[in-house]
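Coordinate inspection notes
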Amino acid sequence: MIFFDLDDTILATAKTNLLIFERAQMDLHIDMDADEFRGRIRTALRSRMIRHLDFAYNETIGIDPLDYLLMEEPYEEERLELFKNGVYSDVKDILGETTKEEFFAAFLKRRFDYTEAIDGMLELIKDLKAAGHKLGVITDGISEIQHRKAQTLGLDALMDYVFASGDFGYGKPDTKFFFGAMKMAGVSADESIMIGNNIDSDVFGALASGMKAIYFGAKPKNYKVLYAPDAKALRDVLKKALE
């Protein structure tokens, strides 16, 4: 079975996150440098996550603090309210007449913006599926957010399974996550391969679980592992790895 990481392996997450801040700033009519706006919001999100939420657990499942602004379902509900109040208080000075409700609504409306894939990855996945390969996603993050990202990108129709760390209670590189995903998919480690852009979480977590692994990125300087810098190269590396 071929498993993929989601964020910045299939989905252009970093690029989309930047656009979310730009679009929210535009909707809120905040006239300031975009980098400064994003920096102020991200600083508030990170510091308030540490203060008000279960930081150790959230780090374990790999949450991006921005995700808290994109959620609809209850999650640590009482703490989340404290978190949001704190974030708004921290950035209120740059928001002018913007109310707390308007501020959070500007981000929440962007929850379906994750529509852009890394070049060539969807085509590769479609070809693998057409060739009869069993496919899955192993991704870190809040269940609601990660499953929505996968659905928005159309992966629910391409993947046999989508596993989010929030479903399990622990994330990559913890081998319990990999073993749990493989068990639910009904496959063993020796018939599984993991592809991802984080060499520690994706590659070494998979290798420690007995799987094969491919690093999706430039050739690592300090490690000798299978790697592919782009989707085109990944086709060739995968073909050899699956032989």
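In what follows, the accompanying structure is described. Please read these numbers as outputs of a predicted model, since none were measured by experiment.

1. Considerations on helix 5 (residues 100-108)
Of all the residues in helix 5, the buried ones are F103, F104, A106 and F107. Burial along helix 5 is one-sided: seen end-on, the buried residues are contained in an arc of 150°. Of the surrounding secondary structure, the elements contacted by the buried residues of helix 5 are helix 1 (13-28), helix 2 (34-52) and helix 4 (77-91).

2. A short note on the sheet that holds strand 1 (residues 2-4)
Spatially, the six strands line up as an open sheet ordered 3-2-1-4-5-6, and their pairing is parallel. Where the open sheet ends on each side, the last strands, each with one partner, are strand 3 (161-164) and strand 6 (226-228). Looking at each pair of strands side by side, their axes are set apart by 25° on average, direction ignored. Helix 6 (residues 121-130) contacts strand 1, strand 2 (135-139) and strand 5 (212-216) of the sheet and is inclined by roughly 160° relative to strand 1. Together, strand 1, strand 4 (193-196), strand 5 and strand 6 form the strand contacts of helix 11 (residues 231-241), whose direction differs from that of strand 5 by roughly 165°.

3. Concerning the pairing of strand 2
By the criterion of burial, strand 2 is predominantly enclosed, with five of the five residues buried. Both faces of strand 2 are covered, namely the face carrying L135, V137 and T139 and the face carrying G136 and I138. Taken together, the three bridges between strand 1 and strand 2 define a ladder with parallel strand orientation. Paired with F4 across the two strands is V137, which belongs to strand 2.

4. Brief notes about the packing of helix 4 against helix 5
Direction vectors running N to C along helix 4 and helix 5 enclose 105°, while the axes themselves pass 11 Å from each other. In terms of orientation, helix 4 and helix 5 fall into the roughly perpendicular class. In this structure, helix 4 contributes E81, K84, N85, V87, Y88 and V91 to the contact, and helix 5 contributes K100, F103 and F104. Taken together, the residues of the contact of helix 4 with helix 5 break down into five nonpolar, one polar and three charged.

5. Remarks on helix 10 (residues 199-208)
Taken together, the buried positions of helix 10 are I199, S201, D202, V203, G205 and A206. If you check the start of helix 10, you find a side-chain oxygen 3.0 Å away from the backbone N of D200, and it comes from N198. Following helix 10 by one or two positions, G210 adopts a phi angle in the positive range, close to 90°.

6. Structural notes on the environment of F216
Topologically, F216 is positioned in strand 5. Overall, the relative accessible area of 8% leaves F216 in the buried class. For F216 and A228, which are 12 residues apart along the polypeptide, the C-alpha to C-alpha distance reads 5.1 Å. Residues within four places of F216 in sequence aside, it is in contact with D8, T9, I118, M121, I195, G196, N197, A228, P229, D230, A231 and L234.

7. Things to note about the side chain of E144
Turning to its location among the elements, E144 is positioned in helix 7 (residues 143-152). Taking relative accessible area as the criterion, E144 reaches 11% and is therefore assigned buried. Of note is the side chain of E144, whose polar atom sits 2.7 Å from the backbone nitrogen of E72. The residues touching E144, leaving out its near neighbours within four places in the chain, are L70, M71, E72 and E73.

Reading guide: rules and limits
- Residues numbered from 1 in each chain as written.
- Predicted model: local features only at pLDDT ≥ 70, side-chain atom pairs only at ≥ 80, totals over all residues.
- Heavy atoms only, no water.
- Buried < 20%, exposed > 50% of the residue type's maximum accessible area, 1.4 Å probe, protein only.
- Helix = DSSP H or I, 4+ residues; strand = E, 2+ residues; numbered from the N terminus.
- Arc of directions from axis to C-beta.
- Contact = heavy atoms within 4.5 Å.
- Pairing = 2+ DSSP bridges.
- Axes fitted to C-alpha atoms, helices over the stretch in contact; angles between N-to-C directions.
- Parallel < 35°, antiparallel > 145°, perpendicular 65-115°, else oblique.
- Nonpolar A, V, L, I, M, F, W, Y, C, P; charged D, E, K, R; others polar.
- Polar contact = N/O pair within 3.5 Å; in protein donor to acceptor, adjacent residues only side chain to side chain.

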